Amino acid sequence: MNNISDTDLKAEILHRRQASYIRLNGGFPIPLAGALYWLILGISGYYLNLANWAQLAFFGSGAIFPIALLFAKIFKNNFMKDKGIVDSVLLPTFISMLLFWPIMIAAVKTEPELVTIILAIGMSLHWPVIGWSYGRATLFSAHSIIRAVIVLYLWLAFPEARLTWLPFSVAIIYTLTVIALLFDVKYLSSIAKRNIRNLS
């Protein structure tokens, strides 16, 4: 191990991160569960007031992971059993993301109208680091950035649609991200196979 250069070590770690990404098809069951969650919130926005919508959103957020596990079982994508080389980054990543909740609590008490935008952006704060763990930081960061920009625009331009169009937009972004992940995995997998053929 002492004889390996920093460049070679970085390349090997990147290779293993991307190998995990390919094995798990980009971990798509999780954003697929997110799409369903936000779709339900968008539909609910036509029937619930802000207070009831927020309660559904808060308690419903706890269902995202179990739904992701269900999707993982349906699609035979057992992301929980796959062990990556940089999995130790996940705990601090999720801790960092969950720190948006004190901001949310303060908003509920003082400025309830901020609930939708804090939730929509706050729940994507971990995406860039998750992307880095897969060696695909650009794609995952794009999800967060596009989501933040669109959510901010809708929140400012269409205040009457904060419980409907805004969550629908997040659901659409999630769905497009799932599609992008599957295409990216296919692309990366084809490169890996080509490299193996060239070496043999």
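Predicted, not measured: the structure shown is a model, and the values here were computed from it.

Reading guide: rules and limits
Residues numbered from 1 in each chain as written. Predicted model: local features only at pLDDT ≥ 70, side-chain atom pairs only at ≥ 80, totals over all residues. Heavy atoms only, no water. Salt bridge = Lys/Arg side-chain N within 4 Å of Asp/Glu carboxyl O. Helix = DSSP H or I, 4+ residues; strand = E, 2+ residues; numbered from the N terminus. Buried < 20%, exposed > 50% of the residue type's maximum accessible area, 1.4 Å probe, protein only. 1 Å grid on protein atoms, 1.4 Å probe; cavity = no way out; pocket = protein on both sides within 12 Å on 5 of 7 lines; lining within 4 Å. Points joined across faces, edges and corners; volume = space filled by probe spheres on them. Nonpolar A, V, L, I, M, F, W, Y, C, P; charged D, E, K, R; others polar. Axes fitted to C-alpha atoms, helices over the stretch in contact; angles between N-to-C directions. Parallel < 35°, antiparallel > 145°, perpendicular 65-115°, else oblique. Contact = heavy atoms within 4.5 Å.

## Looking at the pattern of salt bridges
Under the defined criterion, the tally for this structure stands at 4 salt bridges. In this structure, Glu-12 engages Arg-16 in a salt bridge whose closest nitrogen and oxygen atoms are separated by 2.9 Å. Taken together, the residues span about one helical turn, with Glu-12 and Arg-16 both in helix 1 (residues 6–23) at a distance of 4 residues. For Glu-12, a relative accessible area of 32% puts it in the partly exposed group. For Arg-16, a relative accessible area of 45% puts it in the partly exposed group. The salt bridge partner of Asp-82 is Arg-23, with a shortest N-O separation of 2.7 Å. Of this pair, Asp-82 sits in the loop between helix 4 (64–74) and helix 5 (90–98) while Arg-23 sits in helix 1, and the two are 59 residues apart along the sequence.

## Section: the layout of surface pockets
Roughly 890 Å³ of internal volume is contained in the largest pocket. Looking at the largest pocket, it is lined by 34 residues, and the ones nearest its centre are Ile-30, Phe-65, Phe-94, His-126 and Ile-130. Contributions of two or more residues to the lining of the largest pocket are made by helix 1, helix 2 (29–44), helix 4, helix 5, helix 6 (100–110) and helix 8 (127–133). It is helix 5 that provides the largest number of residues to the lining of the largest pocket, a total of 4 residues. In the lining of the largest pocket, the residues fall into 21 nonpolar, 9 polar and 4 charged.

## With respect to the packing of helix 7 (residues 115–122) against helix 9 (residues 137–157)
The interhelical angle for the contact between helix 7 and helix 9, taken along N-to-C directions, is 170°, at an axis separation of 9 Å. With respect to helix 9, the axis of helix 7 lies roughly antiparallel. On helix 9, the residues that touch Thr-116, Ile-117, Leu-119, Ala-120 and Ile-121 of helix 7 are Arg-147, Ala-148, Val-151, Leu-152 and Trp-155. Broken down by class, the residue content of the contact of helix 7 with helix 9 amounts to 8 nonpolar, 1 polar and 1 charged.

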